[in-house]
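Descriptive structure summary
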Amino acid sequence: MKRFLPYIAVIIAMIIWAGSGIAVKAALEALAPLMLVLTRFTVGVLLMLFIGLIANRTTASNSILRLQMVEKQDIWLFVLGGIFQPFLYFILETYSYKLFATPTIAEAFLSTNPLIAPIFAFIFLREKVTLWNILGILVSTGGMLLLVLAGSGSFELGSLWAIPLSLITVCMAAAYSIILKKVPEKYSSLTIVFWVQLAGLLLFYLVAGGKALVHPDATWLVGNISGAAVGGVAYLAALSSVAAFVLFCYSVRYLGVTKANIFNNIRPVFTALLMLCLFGEQLPVWKWIGIGIIVLGLFICQKRGKK
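Heads up: these notes are all about the structure in this document.

Conventions and cut-offs
- Residues numbered from 1 in each chain as written.
- Predicted model: local features only at pLDDT ≥ 70, side-chain atom pairs only at ≥ 80, totals over all residues.
- Heavy atoms only, no water.
- Helix = DSSP H or I, 4+ residues; strand = E, 2+ residues; numbered from the N terminus.
- Expected span 1.5 Å × (residues − 1).
- Buried < 20%, exposed > 50% of the residue type's maximum accessible area, 1.4 Å probe, protein only.
- Phe/Tyr/Trp six-rings, centres within 6.5 Å; stacked < 30°, edge-to-face > 60°.
- Core = buried A, V, L, I, M, F, W, Y, C linked by side-chain atoms within 4.5 Å.
- Contact = heavy atoms within 4.5 Å.
- 1 Å grid on protein atoms, 1.4 Å probe; cavity = no way out; pocket = protein on both sides within 12 Å on 5 of 7 lines; lining within 4 Å.
- Points joined across faces, edges and corners; volume = space filled by probe spheres on them.
- Patch = residues over 30% accessible without salt bridge, like charges linked within 9 Å, V, L, I, M, F, W, Y side chains within 5 Å.
- Areas by Shrake-Rupley, 256 points an atom, 1.4 Å probe, with all protein chains shown as cover.
- Salt bridge = Lys/Arg side-chain N within 4 Å of Asp/Glu carboxyl O.

The subject of this paragraph is helix α6 (residues 113-125). When the terminal C-alpha atoms of α6 are compared, their 17 Å separation across 13 residues agrees well with the 18 Å that a helix rising 1.5 Å per residue should span. Every buried residue of α6 is accounted for by Asn 113, Pro 114, Ile 116, Ala 117, Pro 118, Phe 120 and Ala 121.

This is the structure in structure tokens:
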């Protein structure tokens, strides 16, 4: 059973992230985008601090929820991780969505992380990639593109800068995965996510938040604070920024960068299923076919084979 825990963890993380779009939409009805980013990560960091302090008193020394101090020689890893994600990733992702003609096209390009991550893993970690891994990634990515793009009605790309920008964005996510694997095993998953997000949050405040906080025309609220908006912020802070990141970190450290990142392809699957369950948005036949292809690719990728 223990060997299945990393798979369970990464699937739960993808389910949580699949619902993030719905939560963001609800939260943005009350908060400006910059305020939402600062709020979700501030609350998330404070929540991890609280959980870690409690876990230090009540759990075993090898618990993934323990919070540890970082040794001086390892600080650069956590700072670099914070620069890659959340700081650069969220900024570049925002501009990518702005430059592409439609969110659907943007989502398709930004979901190519499983194609980029193995390259980074091989270069920086010498992580072996099998033929089954490659075949599974290609099959699953094909299914993801079918799910996202089929029936979208528009294939206009938008600005020519959108493609290289989205590629850099995906590279930031892949680089973040490399950092997760590079951090020494003595650190717990919560410790890694806490210090990485704290570094990223400080950068947000220094570069964006600090100036905006003192600007006389700064507008933080764009609407009335409703229960849905509060729920959206709580979801993003507690689940998307804490639980999902901790679970994904745990999975990467056990499965490796390649096998863990291919599960990013099932995020559109869970998003589509959530829209079906919550809002009754029906799925055409070709989207169900895309879901089936994605799942098939995941199984192929996990198969052992020649390197």
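Now that the structure is up, let's keep going.
This paragraph deals with the packing of aromatic side chains. One pair of aromatic rings is described through two measures. These are the centre distance and the angle between the planes. Evaluation of the coordinates by the stated rule reveals 13 aromatic pairs. A centroid spacing of 5.3 Å and a plane angle of 65 degrees characterise the contact between Phe 87 and Phe 204, whose relative ring orientation is edge-to-face. Linking Phe 87 in helix α4 (residues 75-99) with Phe 204 in helix α9 (residues 189-214), this pair joins segments that are 117 residues apart in sequence. According to the relative accessible area criterion, Phe 87 is buried, its value standing at 10%. Since its relative accessible area comes to 5%, Phe 204 is described here as buried. Relative to Phe 109, the ring of Phe 100 lies with its centre 5.0 Å away and its plane at 25 degrees, an arrangement referred to as stacked. We classify Phe 100 as buried; its relative accessible area is 4%. Classification of Phe 109 by relative accessible area gives partly exposed; the value is 27%.

With that settled, consider the nonpolar core. By size, the foremost hydrophobic cluster in this structure holds 74 residues, and its most contacted members are Met 14, Ile 192 and Phe 248. Sort the elements by how many residues they give to this core and helix α8 (residues 162-182) lands first, with 12 residues. With residues near it in sequence (within four places) discarded, Met 14 still touches Phe 248, Phe 263, Asn 264, Ile 266, Arg 267 and Phe 270. Counting 6 residues, the second largest nonpolar core, distinct from the first, contains Ala 27, Leu 31, Val 233 and Leu 236.

By volume, the second largest pocket amounts to about 570 Å³. What lines the second largest pocket is a set of 20 residues, and nearest its centre among them are Asn 62, Ile 64, Glu 185, Arg 253 and Tyr 254. Among the elements of the structure, α1 (5-18) and α10 (227-255) are those that each provide at least two residues to the lining of the second largest pocket. No other element matches α10, which puts 3 residues into the lining of the second largest pocket.

Attention shifts here to a nonpolar patch on the surface. Taken together, Phe 4, Leu 5, Ile 8 and Ile 12 make up a surface patch of nonpolar side chains, about 320 Å² in accessible area. By the element assignment, Ile 12 lies in helix α1. Using a relative accessible area of 38% as the deciding quantity, one classes Ile 12 as partly exposed.

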